[in-house]
Number of protein chains: 2
Amino acid sequence: MEEKSKQILSDNKVSVTNPRILVLEALLEIKSPITIDELQSKLKNKVAKSTLYRVLNDLKNINILNEFTSPDNTVVVELVLEGDQHHHHLFCSDCGEIIDVELSQNFEDLLNKEIKKIEKKFNFIIEDHRVEMFGQCTDQCENCKK
Amino acid sequence: MEEKSKQILSDNKVSVTNPRILVLEALLEIKSPITIDELQSKLKNKVAKSTLYRVLNDLKNINILNEFTSPDNTVVVELVLEGDQHHHHLFCSDCGEIIDVELSQNFEDLLNKEIKKIEKKFNFIIEDHRVEMFGQCTDQCENCKK
DNA sequence: GAATAAATGAGAATTATTCTCATTTATTTT
DNA sequence: AAAATAAATGAGAATAATTCTCATTTATTC
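Each value, and the rule that gives it
Per-chain numbering applies: the sequence of each chain, read as written, is numbered from 1 onward. Each chain gets a letter, beginning with A, and each ligand a number, beginning with 1, in the order they are written. Since the coordinates come from a predicted model, pLDDT governs what is reported: local features require at least 70, and pairs of side-chain atoms require 80 or more to be given and counted, while whole-chain, interface and lining totals use all residues. The basis for every side-chain value is the complete set of heavy atoms in the structure, and neither hydrogens nor water enter the calculation. Here, strands pair whenever DSSP counts at least two bridges between them. Helix and strand definitions here come from DSSP, where helices need a minimum of 4 consecutive H or I residues and strands a minimum of 2 consecutive E residues; each element is numbered from the N-terminal end. The copies were overlaid with a least-squares fit restricted to C-alpha atoms from residues scoring a pLDDT of at least 70 in each copy. Contacts were defined at the residue level, with two residues in contact if any of their heavy atoms lie within 4.5 Å. Side-chain atoms within 4.5 Å are what join buried Ala, Val, Leu, Ile, Met, Phe, Trp, Tyr and Cys residues into a set we call a nonpolar core. Relative accessibility under 20% of the residue-type maximum defines a buried residue, over 50% an exposed one, and the middle range a partly exposed one, all with a 1.4 Å probe and only protein chains included. The criterion for a residue being near a molecule or strand is simple. One of its heavy atoms has to lie within 4 Å of it. Think of a polar contact as two N or O atoms within 3.5 Å of one another; within protein, one of them needs to be a possible hydrogen donor and the other a possible acceptor, and neighboring residues in sequence only count if both atoms come from side chains. Note that the arc is defined by the directions from the helix axis to the C-beta atoms. In this charge count, Lys and Arg are treated as positive and Asp and Glu as negative; neither His nor the chain ends contribute. Any Lys or Arg side-chain nitrogen found within 4 Å of a carboxyl oxygen on Asp or Glu counts as a salt bridge. Per-residue confidence from the prediction method is given by pLDDT, with values spanning 0 to 100. Residue ranges assigned to the domains are those given by an automatic or database domain assignment. Two parts placed together each lose some accessible area under a 1.4 Å probe, and the buried area is that loss summed for both. Under the scheme applied, nonpolar residues are Ala, Val, Leu, Ile, Met, Phe, Trp, Tyr, Cys and Pro; charged residues are Asp, Glu, Lys and Arg; polar residues are all the others, including Gly.

1. Side note on the sheet that holds strand β2 (residues 65–69) of chain A
The pairing of strands in a sheet happens through backbone hydrogen bonds and is either parallel or antiparallel.
Residue and element names in this part refer to chain A.
Point 1. On the basis of which strands lie adjacent, the open sheet formed by three strands has the order β1-β3-β2 and antiparallel pairing. With one partner strand each, in any of the chains shown, β1 (34–35) and β2 form the two edges of the open sheet.
Point 2. In this sheet, strand β3 (residues 75–79) lies alongside β2 in antiparallel orientation, the contact comprising five bridges. Within β3, the position partnered with Leu-65 by the bridge is Leu-79.

Here it is as structure tokens:
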């Protein structure tokens, strides 16, 4: 993953530094939403706290980091690389797990039509959208061990 | 609004106290998403900071407060009373304004169908959902004064 | 490889939120 | 309606999350 991380950085014209490589490697390895705390412990102090925040900010700036909050307002990040499937999130209130969910193409088309109406109605340019779903896993969630 | 606030509190079986009335009045008066900071200045120190957080928590517990975060992760709250229309949010990245948006009934029906599919697929019980839209207002936004 | 510019680490500063506890206020009991 | 009890509040301390500062290190350019 180190090579891929370097590639991503140089492709995006940001300097290739160790902390950036380490953070990218960690994010590439899990490839699913993770809190800053989790990311920090995954990095085992190999990157200073302040640097971690700076690197995450860099990744946001080059548009490969998606940042949002879980229902308890904890910040969560995930890598979104070019070509990755557009997806949404499902939150389990029992165990806190966050699951990537792809909605059907048909539905996304309809959502985009709906968004066009909203743009007109409110005189907005809408660049992005998010669908979040909240509930509880029943028997398949690893964390809950139900 | 004071009477209505008292009514809401007693209806929900929480004791009717001054701070709670004041917070409810403020939320009823604006009836649109507001940050904690904005709410605090609207209340002009008539309610202690710690109490404000406690009261907001109470309102969450009786299920009449919707809490979410704006794209910069600032916590935003809004009152959602019984009978209020289900709605979503549109965020302006220029001025930070948050606009309530109702999607068409037809679309909501389709979204609910889509959600049923997700429930099956992930063995989840989904209780709530949220659609967030991000963009820039063009010429009608008061804050931007474009 | 030297010079320049940018990034980092460590911890201080700031901000948001929660907690503590003595006091006040609301509710219940009489 | 007053006393007793329980709950809520205010003030500020404590904690947590994030940003900032600045001396040092590392990457990039020449």
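2. Overview of the relation of the copies chain A and chain B
Point 1. Mapping chain A onto chain B calls for a rotation angle of 180° and an axial translation of 0.0 Å; the resulting RMSD is 0.1 Å. Within this description, the copies of the chain are treated as partners about a two-fold rotation axis. Looking at the rotation axis and the C-alpha trace of chain A, the residue lying nearest is Val-131 of chain A, at 2.3 Å.
Point 2. The residues that chain A uses at the interface reappear at the interface of chain B in 100% of cases, marking a shared surface.

3. Topic: the nonpolar core
Point 1. Leu-90, Ile-118, Phe-124 and Met-133 of chain A together with Leu-90, Val-101 and Met-133 of chain B are the most contacted members of the largest nonpolar core, which totals 29 residues.
Point 2. Among the elements of the structure, β4 (88–92), β5 (98–101), α5 (105–122) and β6 (124–137) of chain A together with β4 (88–92), β5 (98–101), α5 (105–122) and β6 (124–137) of chain B are those that each provide at least two residues to this core.
Point 3. Ile-8, Val-23, Val-47 and Leu-79 of chain B belong to the second largest nonpolar core, which has 26 residues in total.

4. Section: the protein's contact with DNA strand D
Point 1. Around DNA strand D, 18 residues are found, and the nearest of them are Ser-50 and Tyr-53 of chain A together with Thr-17, Thr-51 and Arg-54 of chain B.
Point 2. Atoms of DNA strand D within 4 Å of the protein: sugar and phosphate make up 63%, bases the balance.
Point 3. For DNA strand D, a phosphate oxygen lies 2.3 Å from a polar atom in the side chain of Tyr-53 of chain A.
Point 4. Of all the elements in the fold, those that place two or more residues in the surface near DNA strand D are α4 (49–61) of chain A together with α2 (18–30) and α4 (49–61) of chain B.

5. Here we look at the environment of Asn-61 of chain B
All names here are of chain B.
Point 1. Position of Asn-61 among the secondary structure elements: in helix α4.
Point 2. What makes Asn-61 exposed here is its relative accessible area of 59%.
Point 3. For the pair formed by Asn-61 and Asn-12, sequence separation is 49 residues and the distance between their alpha carbons is 9.9 Å.

6. Quick notes on helix α3 (residues 36–43) of chain B
Residues and elements named next belong to chain B.
Point 1. Those residues of α3 that fall on the buried side of the exposure criterion are Ile-36, Leu-39, Gln-40 and Leu-43. Looking straight down α3, one finds its buried side chains confined to an arc of 100°; they lie on one side.
Point 2. Tucked inside the fold, the buried residues of α3 contact α2, β1 (34–35), α4 and β3 (75–79).
Point 3. Lys-44, located one to two residues past α3, shows a positive phi value of around 50°.

7. Describing the protein's contact with DNA strand C
Point 1. Among the 18 residues in the neighbourhood of DNA strand C, the closest are listed as Thr-17, Thr-51 and Arg-54 of chain A together with Ser-50 and Tyr-53 of chain B.
Point 2. One of the side-chain nitrogen or oxygen atoms of Thr-51 of chain A is found 2.7 Å away from a phosphate oxygen of DNA strand C.
Point 3. Between Val-16 of chain B and DNA strand C, the recorded distance is 3.1 Å, taken from a backbone N or O atom to a phosphate oxygen.
Point 4. For the surface near DNA strand C, the leading source of residues is α4 of chain B, giving four residues.

8. Things to note about the side chain of Glu-78 of chain B
Residue and element names in this part refer to chain B.
Point 1. Along the chain, Glu-78 falls in strand β3.
Point 2. No salt bridge is formed by the buried Glu-78. Its closest oppositely charged neighbour is Lys-31, at 5.8 Å.
Point 3. At a separation of 3.0 Å, a polar atom in the side chain of Glu-78 contacts the side chain of His-87.
Point 4. Look past the residues within four positions of Glu-78 in its chain and what remains in contact with it is Ser-32, Pro-33, Ile-64, Leu-65, Asn-66, Phe-68, His-87, His-89 and Asp-100.

9. Considerations on the confidence of the model for chain A
Point 1. Counting all residues, the mean pLDDT for chain A is 93, and 95% of those residues have values of 70 or more.
Point 2. By mean pLDDT, the top-scoring element of chain A is β3 of chain A (98), and the lowest-scoring one is helix α1 (residues 2–11) of chain A (93).

10. With respect to the pairing of β6 of chain A
Point 1. Most of β6 of chain A sits inside the fold, with 11 of its 14 residues counted as buried.
Point 2. Pairing of β4 of chain A with β6 of chain A, which is carried by four bridges, proceeds in the parallel orientation. Directly across from Cys-92 of chain A, in β6 of chain A, lies its bridge partner Gly-135 of chain A.
Point 3. Bridge count for β6 of chain A against β6 of chain B is 13 bridges, and the pairing is antiparallel. Within β6 of chain B, the position partnered with Arg-130 of chain A by the bridge is Glu-132 of chain B.

11. Describing the domain arrangement of chain A
All names here are of chain A.
Point 1. When the domains of chain A are assigned, the result is domain 1 (1–83) and domain 2 (85–146).
Point 2. Put simply, the middle of domain 1 and the middle of domain 2, counted by C-alpha atoms, are 22 Å apart.
Point 3. Considering only the side of domain 1, the residues that lose the most area to domain 2 are Pro-33, Phe-68 and Pro-71, jointly responsible for 51% of the buried surface there.
Point 4. For the pair domain 1 and domain 2, the number of links is zero salt bridges.
Point 5. Of all elements in the fold, only β2 and β3 reach the threshold of two or more residues within the side of domain 1 that touches domain 2.
Point 6. Here the side of domain 1 that touches domain 2 gets four residues from one element, more than from any other, and that element is β2.
Point 7. Of the residues that constitute the side of domain 1 that touches domain 2, the class distribution is four nonpolar, four polar and three charged.

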